[in-house]
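# Structure assessment
Letter by letter, the chains look like this.
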Amino acid sequence: MNSALHGVLAFVQTWWVELLCAVLIVAVVPLIAGYIVLVERKVMADMQARLGPMRVGPHGLLQPIADAVKLLIKEDLIPTNADQFIFWFAPVLSMTVALTSMGAVAFGPWFQVARDINIGLLFVVGISALGPLGIVLGGWASNNHYSIIGAMRSTAQLVSYETTAGFAIVSGLLFAGTLKVSAIVEAQHADRVWYVFLAPVGFITYLIASIAETNRAPFDIPEAESELVAGYMTEYSGFRWSLYFLGEYANMIVVGSIGVTLFLGGWLRPFPNVPWLGWLDALPTLFFVASGVFCVSRAGKQPVRVQQLLMWAVAAICFAVALIFMLAGPYEVQPLHRIYAGLYGAFWFLLKVGAYIYVFMWLRFTLPRFRFDQLMRLGWHILIPLALVNVIAVGVAMALSSGLGMNRWLAMILTTGGTLLVGMLLIRWNDKHAAAASASRLAASSEVEDSYAG
Amino acid sequence: MLDSVIFYFFAGVAVISAALMITRSNAIHSAVFLITTLLATAGIFLQLRAEFLFIAQIILYVGGIMVLFVFVIMLVRLDVPLPRIRSPWGKLVAVFVAAAVAGEAGFILWLARKIPGQGLLAPLPAPSAKLAPNTEEFAKGLFGAYLLPFEIASVLLLVAMVGAVVMAKKRTDTP
């Protein structure tokens, strides 16, 4: 028994940074997910010329916490004819997969759970490939037609768009030359460029595929409210429903982190190699001081005592982080500076992920929903061939620049132009094909009508 | 110590859920236990520092094949119980196969009893030092030394895929 205790102690001593990161991720990601929901409601309100949530806290800042409390005390229903075991298991799987895949995401220089695995990015992609299972099992276990249709649509969609996402990731990985997440970021630092500028087609295809993978509008047909009630989540309520919901938003953070790490420079600040932009280093400090001051100024005006206390707590956290930034930024005192490096990286990383997710919201409130056949045609006829051609084009560009000594940008522009040309041809061919198909369907239906008339 | 605990955890989960998989009458439950078995096996790969094999197992078997399995099972009516096949020969064959497998496993363990660290209850500790990055080694082997077999296998898979598409395509009588 004593030796077991010693083993555990030794384990904690060796791995305490990783354990701390894991605890931080599991504790903070649901909070971030809640605030993404708030931001989404605010953005939606802004685009529709409304105010959005305003009641709980200043500008609705405490709304996610109120929502979380409400969800926890809601009644938890299990339909009589549902499969009890799988009904319980599916949302847990969904949430676990989303949180586990965050294990290899690098939020900052040391801010990562699995630092040494050399499959890095493949781990994130591979674990999140289990996501469809949670959806499919939940939809099936509910024993409800809407749920099962939603689950089937979702699986078909995820399986189709995972291929595109995989090829898009490969086109970025070719530049980095490694799968290790921190090494990918370092490679962009060494190459003095974000890979989005070297592989723009790869980034755009990844963006589209990642929207489809998170089941968001305009690809939200698995939970299309106007057709399927809520798709695979129809029978879920209370805490189980919130697990699904959290899983979905955590998944958005995961796909955002993959995109940011691979194409947008990970935790690096914008233009890390330009010396006269050094004042950007002060931005995180200013941000935290400003939000702390805002919280203090509004704390006294809150009507409820709990809200006041929460605002004071948020202000205290902001000031503490700002203090760490101010103390540790200029002086390299070891433990504090290390914390600073991690938090500083996490600030830029989460800022970029936020921008990525903002694009998701923007598209959601701008575009109407795809029909199922349109979705499949876009995936299989346009995106997958385009992503494949792009992988070849990136390979050719690398061969031209490193083998033949051509200018990197010239090679990039040439191959990207070629890829875009192929894309346009694909779209043109597809339009013609679709027109022909609908014409033949029309002809067929008129024939049927004629036969009935005769 | 910790290595043994982790190994026996994964091994136990794999064996128990494999047993549960073949005894459940509900096909979806069987699929869930098969997924658990595959994940536990992937965990053992990871403990042996075979990282690429671990993630390939998860992406291909759990994320790809099992999702399709579940997808197909969902479309089958499960509320109609399957007719149970009872024949005296089935049991006899089953007993024979089980005895053969148990005998084989016992024989291997008996052979391995002399090798240090390979006995029944003490598996070799996983290599503690960092190995060469085995994803890179894997790629070098696949695209260097074994390029021709790799290409032949991929052409074979492509042919199978095209064949499946052709066979599944709806036949129209009109030319």
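A quick note: this is a predicted structure, and the numbers were derived from the prediction, not measured. (Residues numbered from 1 in each chain as written. Chains lettered and ligands numbered in written order. Predicted model: local features only at pLDDT ≥ 70, side-chain atom pairs only at ≥ 80, totals over all residues.)

### Observations regarding the overall build of chain A
Stated precisely, the cut-off is as follows: The way it works is that DSSP assigns letters per residue, a run of H or I at least four long becomes a helix, a run of E at least two long becomes a strand, and they are numbered from the N terminus. Only C-alpha atoms enter the radius of gyration, while the globule expectation follows 2.2 Å times N to the 0.38, with N the number of residues. Think of it as a crowd count around each C-beta: if 20 or more other C-beta atoms lie within 10 Å the residue is buried, if 12 or fewer it is exposed, and in between it is partly exposed, with C-beta placed from the backbone throughout. We call two residues in contact when their backbone-placed C-beta atoms lie within 7 Å.
Check the secondary structure of chain A and you find 16 helices and zero strands. Taking 2.2 N^0.38 as the reference for a compact globule, 454 residues should give roughly 22 Å; the C-alpha atoms of chain A span a radius of gyration of 25 Å, in line with that estimate. Principal axes of the C-alpha set define a box for chain A whose edges measure 90 × 70 × 60 Å. Across the 454 residues of chain A, 42% fall into the buried class. Here the analysis covers contacts within chain A between residues at least 6 apart in sequence; of these, 77% occur between residues at least 24 apart.

### With respect to the nonpolar core
Cut-off, in case you're wondering: Working definition: the nonpolar core is a set of buried Ala, Val, Leu, Ile, Met, Phe, Trp, Tyr and Cys residues, joined through C-beta atoms within 7 Å.
Grouped together as the largest cluster of nonpolar side chains are 134 residues, with contacts concentrated most on Leu121, Val124, Leu133 and Ile169 of chain A together with Ile35 of chain B. Broken down by element, the residue count for this core peaks at 14 residues, all from helix 11 (residues 238–263) of chain A. Residue contacts for Leu133 of chain A: discarding those within four places in its chain leaves Leu93 of chain A together with Ile35, Met66, Val67 and Val70 of chain B.

### Observations regarding the packing of helix 9 (residues 200–213) of chain A against helix 11 of chain A
Residue and element names in this part refer to chain A. We apply this condition: Axis lines are fitted through C-alpha atoms, for helices just across the contact stretch, and the angle between N-to-C directions can take any value from 0 to 180 degrees. Should an angle fall under 35 degrees it is taken as roughly parallel, and over 145 as roughly antiparallel, whereas 65 to 115 is taken as roughly perpendicular and any remaining angle as oblique. Three residue categories are used. Nonpolar comprises Ala, Val, Leu, Ile, Met, Phe, Trp, Tyr, Cys and Pro, charged comprises Asp, Glu, Lys and Arg, and polar comprises the others, including Gly.
It is the contact of helix 9 with helix 11, at a shortest axis distance of 10 Å, that shows an interaxial angle of 170 degrees. It follows from the interaxial angle that helix 9 and helix 11 lie roughly antiparallel. Two secondary-structure elements touch here, helix 9 through Phe203, Tyr206, Leu207, Ser210 and Glu213 and helix 11 through Val255, Gly259 and Phe263. Looking at the contact of helix 9 with helix 11, its residues break down into five nonpolar, two polar and one charged.

### Thoughts on helix 5 (residues 131–141) of chain A
With eleven of eleven residues buried, helix 5 of chain A is to be regarded as a mostly interior element. Taken together, the buried positions of helix 5 of chain A are occupied by Gly131, Pro132, Leu133, Gly134, Ile135, Val136, Leu137, Gly138, Gly139, Trp140 and Ala141 of chain A. Looking at the buried side of helix 5 of chain A, the elements it contacts are helix 3 (84–101), helix 4 (120–128), helix 6 (145–176) and helix 11 of chain A together with helix 2 (27–47) and helix 3 (51–75) of chain B. The first or second residue beyond helix 5 of chain A is Asn143 of chain A, which carries a positive phi of 60 degrees.

### Topic: the confidence of the model for chain B
Residue and element names in this part refer to chain B. Rules: Residue-level confidence of the predictor is what pLDDT reports, using numbers from 0 through 100.
Confidence along chain B averages 80 in pLDDT terms, with 78% of residues attaining 70 or more. Per-element confidence in chain B is highest for helix 6 (residues 147–168), whose mean pLDDT is 91, and lowest for helix 5 (residues 134–145), whose mean pLDDT is 81. Quick note on the complex model: pTM equals 0.82, ipTM equals 0.76.

### Description of the domain arrangement of chain A
All names here are of chain A. Worth spelling out the cut-off: Where each domain starts and ends comes from a domain assignment, either automatic or drawn from a database.
Splitting chain A by domain gives domain 1 (16–268 + 340–370) and domain 2 (372–435). Every contact between the two is made by 22 residues of domain 1 and, on the other side, 20 residues of domain 2. Among the secondary structure elements, those contributing two or more residues to the side of domain 1 that touches domain 2 are helix 6 and helix 9. The leading source of residues in the side of domain 1 that touches domain 2 is helix 6, at eleven residues. Each residue belonging to the side of domain 1 that touches domain 2 can be placed in one class, and the counts come to 14 nonpolar, seven polar and one charged.

### Description of the domain arrangement of chain B
When the domains of chain B are assigned, the result is domain 1 (1–79) and domain 2 (132–175). Each of domain 1 of chain B and domain 2 of chain B has a C-alpha centre, and the two are 25 Å apart.

### Structural notes on the environment of Phe349 of chain A
Residue and element names in this part refer to chain A. Take Phe349: it is sitting in helix 14 (residues 334–364). Note: C-alpha distance between Phe349 and Thr261 (88 residues apart in sequence) is 8.3 Å. Discounting chain neighbours no more than four positions away, the residues touching Phe349 are Phe107, Gly108, Val260, Gly266 and Trp267.

### Overview of the interface of chain B and chain A
Interface size is commonly expressed as the accessible area that is lost once the parts come together. The partner chain A presents 24 residues to the 19 residues of chain B that form the contact. Those elements that provide at least two residues to the side of chain B that touches chain A are helix 2 and helix 3 of chain B. Tallying contributions element by element places helix 3 of chain B first for the side of chain B that touches chain A, with twelve residues. Grouping the constituent residues of the side of chain B that touches chain A by class yields 16 nonpolar, two polar and one charged.

### Comments concerning the packing of helix 3 of chain A against helix 4 of chain A
All names here are of chain A. Where helix 3 contacts helix 4, the two axes come as close as 8 Å, and the packing angle between them is 175 degrees. In terms of orientation, helix 3 lies roughly antiparallel with respect to helix 4. Across the interface between the two elements, Val97, Thr100 and Ser101 of helix 3 pack against Val124, Ile127 and Ser128 of helix 4. Within the contact of helix 3 with helix 4, the residues separate by chemical class into three nonpolar, three polar and no charged.

### Comments concerning the environment of Ser237 of chain A
Residue and element names in this part refer to chain A. Mapped onto the secondary structure, Ser237 falls in the loop between helix 10 (225–228) and helix 11. As a C-alpha pair, Ser237 and Asp76 span 161 residues in sequence and 5.7 Å in three-dimensional space. Look past the residues within four positions of Ser237 in its chain and what remains in contact with it is Lys74, Glu75, Asp76 and Leu77.

### Things to note about the confidence of the model for chain A
Residue and element names in this part refer to chain A. Put simply, chain A has an average pLDDT of 81, and 95% of its residues get 70 or more. Mean pLDDT values for the elements of chain A range from 71 in helix 10 up to 88 in helix 9. A low-confidence stretch, residues 450–454 (pLDDT under 50), is modelled with zero contacts involving residues beyond four sequence positions or located in other chains.

### Some points on unusual backbone geometry
Residues and elements named next belong to chain A. One non-glycine residue with positive phi stands out, namely Ala49, at about 55 degrees. Positionally, Ala49 belongs in the loop between helix 1 (2–47) and helix 2 (63–72). The exposure class assigned to Ala49 is exposed, which follows from the 6 C-beta atoms found within 10 Å. Non-glycine residue Asn215 carries a positive phi angle of around 60 degrees. With respect to the element layout, Asn215 can be found in the loop between helix 9 and helix 10.

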